[in-house]
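So the chains spell out like this:
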Amino acid sequence: MMYHSTRGQAPELSFADVVLTGLARDGGLYLPKTWPTVDVQTLQHWKTLSYAELATEVLSLFVGDDISNAELAAICEDAYAQFTHPAVAPLVQLEPNLWVAEHFHGPTLAFKDFAMQALGRLFDHLLAKRGEHRVIVGATSGDTGSAAIEAVKGLEHVSLYMLHPAGRVSEVQRRQMTTVDAPNIHNIAVDGNFDDCQNLVKALFNDLDFRDKHGLSAVNSINWARVAAQVVYYFHAALQLGAPENPVSFSVPSGNFGNVFAGFVARKMGLPISQFVVGSNRNDILTRFFVSGEMVGEEVIPSLSPSMDIQISSNFERLLFETCGQDAEQVRGWMEGFKQNGRFAISPEQHQNLLTLFSAYRLSDAETIEEMKRIYDETGYVIDPHSAIGVMAARATRFDLDTPMIVLATAHPAKFPDAVEEAIGVRPSLPSRCQHIMNANEHLEPLAASEADLKGKIDQDRG
Ligand SMILES: *Cc1c(COP(=O)(O)O)cnc(C)c1O
């Protein structure tokens, strides 16, 4: 199993190298050269598996020979044992033929745990085998940081520098990161906004000497292993609700497009999926793209669903690559246009093709609150703002009512208590296993938004 870059100018790599490299050296994203496929008989068999067993089966198709099946099974068993619900990703029915897949029963209460718990263990395993050490640098506006820290804390072969904008993440999000006490974890509170953090990370990666000296790695959502691990729960949910005999549809509250792209991969592999609904908040670049066929960048405006406050969906490049028949030159042209002019357009035919599979819908903050309240009033179900966007987007744009619609619930309501309280008048409390963070000591290092300061710090720590 080999991987190639969406921009066609980086070396082809095996799974292990793709995981440890993150972003391709030509600026593109890695994808498998051929999609593995699964036949109906295999899907029938997969219905009988536990979540961890299913994860092993799905991931083994992407891993190739780089990790043995027994080793992969051990990684998956351990990763998904960290989830507190016995079903790992339970389904809850809200309406006739509409379900919520709860993806927030992991250690940090958001769906990012599904991929990070596997990715941290994959890193450690691969690096131990090679006798290498890596410095992971990342930027977070909230959920990615805590999921990554939780996944790699205490690991011998990785150090993690996680940058967050000082004073701009919620208290729960900050405490989930800073109360972890492990020598390999460095919480950097940057005097700036999320873009400043992301620009610092990019600057470090673009300094190839620095990148090679410390063996820099990335765990952001462009890392292929994160997408691959997320493919699993599409199979898990669909097989419970009628696949492979009958198709299902999914609705996904989206930001970087990593989560919904994983569903697209499951469909490529043979899972019958009729529709993907893409939900956005006021930062609706994806919704505007699906309506017009044109990608146009805009300013990010803060919303009640902060994990989707994104205007450049980094994983979208993977869908574009598939949309144009894996034409890397075409992708380079689009990306160059976006860099130069802040916009590019796909052809009308490509646009029409996408609309046979995707729909998109945006909600304002007021509409999000209204939907959270409606769901609570009609069903008693307490939902977080991101997931509520998924429910409303599905209700507004589903192609038909006969196909089961599965909305991915991406965060636990207690992660966004202010929005929930505003909507339903009840303040959700953190699950008891997480409550200790509200009193524990915090570990964080303030830093100016300066490339030299960040490099100096890593040089000093790592020698
Ligand atoms: C990260 C995140 C999203 C967006 O997921 P993408 O893969 O970036 O599209 C949505 N909701 C929550 C709660 C998140 O943490």
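This report concerns the structure included in the present document. (Residues numbered from 1 in each chain as written. Predicted model: local features only at pLDDT ≥ 70, side-chain atom pairs only at ≥ 80, totals over all residues. Heavy atoms only, no water.)

1. Remarks on the side chain of N281
Note on placement: N281 falls in the loop between strand 11 (273-280) and helix 12 (285-292). Looking at N281, its side chain comes within polar contact range of the main-chain nitrogen of N283, at 2.8 Å. A polar contact of 2.8 Å, which involves the side chain of N281, links it to the side chain of S303. Ignoring any residue separated from it by four or fewer positions in sequence, one finds N281 in contact with S303, S305, M308, D309, R362, L363 and I389. (Helix = DSSP H or I, 4+ residues; strand = E, 2+ residues; numbered from the N terminus. Polar contact = N/O pair within 3.5 Å; in protein donor to acceptor, adjacent residues only side chain to side chain. Contact = heavy atoms within 4.5 Å.)

2. Considering unusual backbone geometry
Put simply, A243 and P244 share a cis peptide bond, and its omega is 5°. A positive phi angle, close to 70°, is found at L109, a residue other than glycine. Here L109 lies in the loop between strand 5 (98-102) and helix 5 (112-130). On the basis of relative accessible area, L109 is assigned to the buried category, the value being 0%. (Buried < 20%, exposed > 50% of the residue type's maximum accessible area, 1.4 Å probe, protein only.)

3. Quick look at the packing of helix 5 against helix 6 (residues 143-152)
At their nearest, the axes of helix 5 and helix 6 sit 8 Å apart, and the two run at 35° to each other. Crossing of helix 5 against helix 6: the hand is right-handed. Counting all contacts with helix 5, which are made through K112, D113, M116, Q117 and G120, the residues of helix 6 involved are D143, T144, A147, A148, E150, A151 and V152. Its residues assigned to classes, the contact of helix 5 with helix 6 shows 5 nonpolar, 3 polar and 4 charged. (Axes fitted to C-alpha atoms, helices over the stretch in contact; angles between N-to-C directions. Left-handed = near helix turned anticlockwise from the far one by under 90°. Nonpolar A, V, L, I, M, F, W, Y, C, P; charged D, E, K, R; others polar.)

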